[in-house]
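Given next are the chains, with one letter for each unit.
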Amino acid sequence: MNTRYGWAGKILKVDLSERKITAVETADYAERFIGGMGIGEKLYWDKARAGMPADDPQSPLLFMTGPLAATPAPSAPRLVICGKSPALYPEIFNSASLAGSFTAELKRAGYDGIMVTGRASQPLYLTISNEAAELKDAAHLWGCTNSTTRQLLREMWGEKTRCLTIGPGAESASRIGTIATDGGGNGSRGFGSLMGSKQLKAIAVSGSKKIAVADPDKIS
């Protein structure tokens, strides 16, 4: 598969326990695994251990795009969120699909996906802008509603910023917390609770990269 087309080229790995951010090449996965869901499953199973609870600090939480996001292709900007769901009994690997413009903005910022592991010692949020990724103190955001969190992040990082956020319910011990984004997009399966258990309040992204397609005339 030619990853010059349809992909930003990198997948971000964020270890909250170590506050360490690295990246891997999308090309290492895209030829063998189909789309964001397929790559997300591979990344999860490479990292997860048998019997690992959903809220284990090392339980991976993944945010994956597909090759058509941030291109002119219609109805393609869905985000796949996957990991072990705390909302199901027994806890099993599952996924949620999230609408909104976060997905395209993540690719324009240089990444096809994000894998989060670990648990921060204090509330943090992740900011990504044109491949520059950094963890920031989120003490002032902890306890805020989703809409307030997004408003505060846009005030700090610009109106073009697109966000994934959790609210007070997901910060608590709830198993059904959701992840919210701009335009009313919402991802369930308890993945907001996993963000809360990791003390990750939000992900804020902005970017200007263009995603190349092999045949622009046929995709529009």
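For every chain, the first residue of the written sequence is number 1, and numbering continues from 1 along that sequence. Since the coordinates come from a predicted model, pLDDT governs what is reported: local features require at least 70, and pairs of side-chain atoms require 80 or more to be given and counted, while whole-chain, interface and lining totals use all residues. Side-chain metrics rest on all non-hydrogen atoms present in the structure, leaving aside hydrogens and water.

*Asks:* It is not clear to me how the nonpolar core should be interpreted in this structure. Could you clarify?
*Replies:* Grouped burial of nonpolar side chains is what soluble globular proteins tend to show. For our purposes a nonpolar core is just a set of buried Ala, Val, Leu, Ile, Met, Phe, Trp, Tyr and Cys residues, chained together by side-chain atoms within 4.5 Å. Between buried and exposed lies partly exposed: a residue is buried under 20% and exposed over 50% of the maximum accessible area for its type, with that area taken using a 1.4 Å probe on protein chains only. Judged by nonpolar contacts, the single largest core of 31 residues is most densely connected at Phe-63, Ile-114, Leu-126, Ile-128 and Ile-203. Judged by nonpolar contacts, the second largest core, of 15 residues, contains Tyr-29, Ile-39, Ala-48 and Leu-62.

*Asks:* Can you help me understand the packing of aromatic side chains in this one?
*Replies:* Two aromatic rings, taken as a pair, are described by how far apart their centres are and by the angle between their planes. Aromatic contacts are taken between Phe, Tyr and Trp rings whose centres are within 6.5 Å, Trp giving its six-membered ring; a plane angle under 30 degrees counts as stacked, one over 60 as edge-to-face, and the others as tilted. In the structure shown here, the tally under the stated rule is 3 aromatic pairs. Summarising the aromatic geometry, the rings of Tyr-44 and Phe-93 are spaced 4.8 Å apart at their centres and angled 50° between planes, so their arrangement reads as tilted. With Tyr-44 in helix H2 (residues 35–47) and Phe-93 in strand E5 (residues 92–98), the pair connects residues that are 49 residues apart, well separated along the chain. For Phe-93, a relative accessible area of 18% puts it in the buried group. Counting every residue linked through ring pairs, the aromatic cluster contains Tyr-44, Trp-45 and Phe-93. Each helix is a run of H or I in the DSSP string that is no shorter than four residues. Each strand is a run of E no shorter than two, and both are numbered from the N terminus.

*Asks:* How should the pairing of strand E1 (residues 10–15) be read in this particular structure?
*Replies:* Note on strand geometry: in a regular strand, side chains alternate between the two faces of the sheet. Two strands pair when backbone bridges link them, and E1 and strand E2 (residues 20–25) are joined in this way by 6 bridges, in the antiparallel orientation. Counterpart to Ile-11 in the pairing with E2 is Val-24. Between E1 and E2, which follow one another and run antiparallel, lie 4 residues, and Arg-19 among them has a positive phi close to 55°. Two strands are counted as paired when DSSP detects at least two bridges linking them.

*Asks:* For this particular structure, what's the right way to read helix H4 (residues 146–157)?
*Replies:* Three or four residues apart is the spacing at which side chains of an α-helix point the same way, because the helix has 3.6 residues per turn. Under the 1.5 Å per step criterion, the end-to-end length of H4 is 16 Å for 12 residues, consistent within 8% with the ideal 16 Å. Taken residue by residue, H4 has Asn-146, Thr-149, Arg-150 and Leu-153 as its buried positions. Take H4 and look down its axis: the buried residues cluster within an arc of 95°, on one side only. If you follow the buried residues of H4, they end up packed against strand E7 (124–129), strand E9 (162–165), strand E10 (179–181) and strand E12 (200–206). Remark: Gly-158 follows H4 within two positions and exhibits a positive phi of approximately 110°. One less than the residue count of a helix, multiplied by 1.5 Å, gives the span that helix is expected to have. Think of the arc as the fan of directions from the helix axis to the C-beta atoms. Contact criterion: two residues are considered in contact whenever any of their non-hydrogen atoms come within 4.5 Å of each other.

*Asks:* Where do I start with H2 in this structure?
*Replies:* Over its 13 residues, H2 extends 19 Å from the first C-alpha to the last, a length consistent with the 18 Å expected when each residue adds 1.5 Å. The set of residues buried in H2 consists of Gly-35, Gly-36, Gly-38, Ile-39, Gly-40, Leu-43 and Tyr-44.

*Asks:* What is the right way to look at the pairing of strand E3 (residues 61–64) in this model?
*Replies:* Side chains Leu-61 and Phe-63 of E3 all project onto a buried face; the interleaved residues Leu-62 and Met-64 project onto the opposite face, where all are buried too. As paired strands, E3 and strand E4 (residues 79–85) are joined by 4 bridges and run antiparallel to one another. Its bridge partner being in E4, Leu-61 is matched across the sheet by Gly-83. When E3 meets strand E6 (residues 113–117), the two strands line up antiparallel, connected through 4 bridges. Residue pairing in the sheet places Leu-61 in a bridge with Val-116 of E6.

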